[in-house]
Amino acid sequence: MSTTIQVSRRTKRELVKFVSELQLKLGRRVSFDEAILTLLRERKRSYSARRELRTFKGILSREKDEVRRVMEELRREEERRLEMLGTTE
Amino acid sequence: MKCSELPSRLAIDSSVVLTYLLGESLADLVEECILFSDREVYLPSTALAEIYYVTCRLKGREVARRLVRTLKDSETVEIVSGLDEVVGELKCDRAISLADCYVIALARTMGAGGCVRQEGEGARQGDGEGVLQCKSAVFGGFR
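Reading guide: rules and limits
- Residues numbered from 1 in each chain as written.
- Chains lettered and ligands numbered in written order.
- Predicted model: local features only at pLDDT ≥ 70, side-chain atom pairs only at ≥ 80, totals over all residues.
- Helix = DSSP H or I, 4+ residues; strand = E, 2+ residues; numbered from the N terminus.
- Rg over C-alpha atoms; globule rule 2.2 N^0.38 Å.
- Buried ≥ 20, exposed ≤ 12 C-beta atoms within 10 Å, placed from the backbone.
- Pairing = 2+ DSSP bridges.
- Axes fitted to C-alpha atoms, helices over the stretch in contact; angles between N-to-C directions.
- Contact = placed C-beta atoms within 7 Å.
- Nonpolar A, V, L, I, M, F, W, Y, C, P; charged D, E, K, R; others polar.
- Parallel < 35°, antiparallel > 145°, perpendicular 65-115°, else oblique.
- Left-handed = near helix turned anticlockwise from the far one by under 90°.
- pLDDT = per-residue confidence, 0-100.

Draft legend 1. Molecular detail of the overall build of chain A. Of the regular secondary structure elements, chain A holds three helices and zero strands. Reading the helices (α) and strands (β) of chain A from amino to carboxyl end gives α-α-α. By the compact-globule yardstick of 12 Å for 89 residues, chain A is too spread out, its C-alpha radius of gyration being 24 Å. Overall size of chain A, expressed as C-alpha extent along the three principal axes, is 70 × 45 × 25 Å. Buried positions account for 3% of the 89 residues belonging to chain A.

In structure tokens form, the structure reads like this:
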């Protein structure tokens, strides 16, 4: 059963834009109903991911020195690689 | 540094996310003012690879995978790729690391300010935390 809701012109414009993006992505026709449901699902996924992201805070707190060492190693490798490229001629 | 002093659009590099993972007092700042703020935050895709790599080395593949997926799904940062030519130009003109070139290129492309973590002398000796260095307009190197 369908029902009617009122939205402003601006919201409708944004919805139409989203519907066409979704159609391009899915390769088929998409209704306003499906587009709104997709938006709500995406919001739910984003909320739950944000909650999960907070659990990562401090996961490397016992590995400060190792983080520094790994990053320095990474930068050194990059420099070494660029130096090597410079001496191949 | 106060939250309100930061620009509304920010380009960050892996060091900012790693600061959050390190959980030092700076992590609170990253959490409140960057990751969970109303700002538009951009991260180069190369930085995402670095975050994956560091986490994978220290916590294993599964944690790294979960972290990257969560970061993407949370939409707290927008992952940007395709900066190659701007990065190449910057690297050609300046003696700075590719990682710095990426964040500068990103800031310029998105019309954003830039934010990176800078290590102090004390931090190198393991008794300091470093600082977050943020600029509203990025013209040169950060470090």
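Structure's up, so let's keep going.
Draft legend 2. Spotlight on the sheet that holds strand β5 (residues 131-135) of chain B. Residues and elements named next belong to chain B. Read from one edge to the other, the open sheet built from five strands follows the order β3-β2-β1-β4-β5, with strand pairing classed as mixed. Each of the sheet's edge strands pairs with one partner strand only, and the pair in question is β3 (78-80) and β5. Between one strand axis and the next, the sheet turns through 30° on average, direction left out of account. Judged from the three bridges that link them, strand β1 (residues 9-12) and strand β2 (residues 40-44) form a sheet pairing that is parallel. Paired with Ala11 across the bridge in β2 is Tyr42. Across the sheet, helix α3 (residues 45-59) lies against β2 and β3, angled at about 75° from β2, the strand it touches most. Helix α6 (residues 98-110) contacts β1, β2, β3 and β4 (113-118) of the sheet and is inclined by roughly 160° relative to β1.

Draft legend 3. Region of the structure containing the pairing of β2(B). Residues and elements named next belong to chain B. Summarising burial for β2: four of the five residues are buried, a large majority. Pairing of β2 with β3 involves three bridges; the strand directions are parallel. Residue pairing in the sheet places Pro44 in a bridge with Val80 of β3.

Draft legend 4. Region of the structure containing the interface of chain A and chain B. Each partner contributes to the interface: chain A provides 22 residues, whereas chain B provides 22 residues. Mapped onto the side of chain A that touches chain B, the elements with two or more residues apiece are α2 (32-54) and α3 (64-86) of chain A. For the side of chain A that touches chain B, the leading source of residues is α3(A), giving nine residues. Residue classes in the side of chain A that touches chain B are distributed as nine nonpolar, three polar and ten charged.

Draft legend 5. Quick look at the packing of helix α1 (residues 14-22) of chain B against helix α2 (residues 25-35) of chain B. All names here are of chain B. Two elements in contact, α1 and α2, have axes separated by 7 Å at closest approach and are oriented at 125°. Viewed along their axes, α1 and α2 adopt a mutual orientation that is oblique. With respect to the hand of their crossing, α1 and α2 are arranged in left-handed fashion. Facing Val16, Thr19, Tyr20 and Leu22 of α1, the residues of α2 in contact are Leu26, Ala27, Val30, Glu31, Ile34 and Leu35. Here the residues of the contact of α1 with α2 sort into eight nonpolar, one polar and one charged.

Draft legend 6. Representation of the pairing of β4(B) in the model. Residues and elements named next belong to chain B. Relative to β4, β1 runs parallel, the two being bridged by three bridges. Paired with Leu10 across the strands is Gly113, a residue of β4. As paired elements, β4 and β5 share five bridges and run antiparallel to each other. Across the sheet, residue Val116 finds its bridge partner in β5, namely Gln133.

Draft legend 7. Quick look at the environment of B:Val54. Within the secondary structure, B:Val54 is located in helix α3. By the C-beta count within 10 Å, which is 22 here, B:Val54 ends up buried. Each C-alpha atom, one on B:Val54 and one on B:Cys92, is 27 Å from the other, the two residues being 38 residues apart in sequence. Apart from residues lying up to four places away in sequence, B:Val54 is in contact with A:Val67, A:Val70, A:Met71 and B:Leu18.

Draft legend 8. Spotlight on unusual backbone geometry. Not every positive phi belongs to a glycine, and B:Glu75 is a case in point at roughly 55°. Relative to the assigned elements, B:Glu75 resides in the loop between α4 (61-74) and β3.

Draft legend 9. Structural detail: the confidence of the model for chain A. Model confidence for chain A is summarised by a mean pLDDT of 91, while 96% of its residues fall at 70 or above. Model confidence for chain A, summarised as mean pLDDT per element, is weakest for α3(A) at 84 and strongest for helix α1 (residues 9-26) of chain A at 96.

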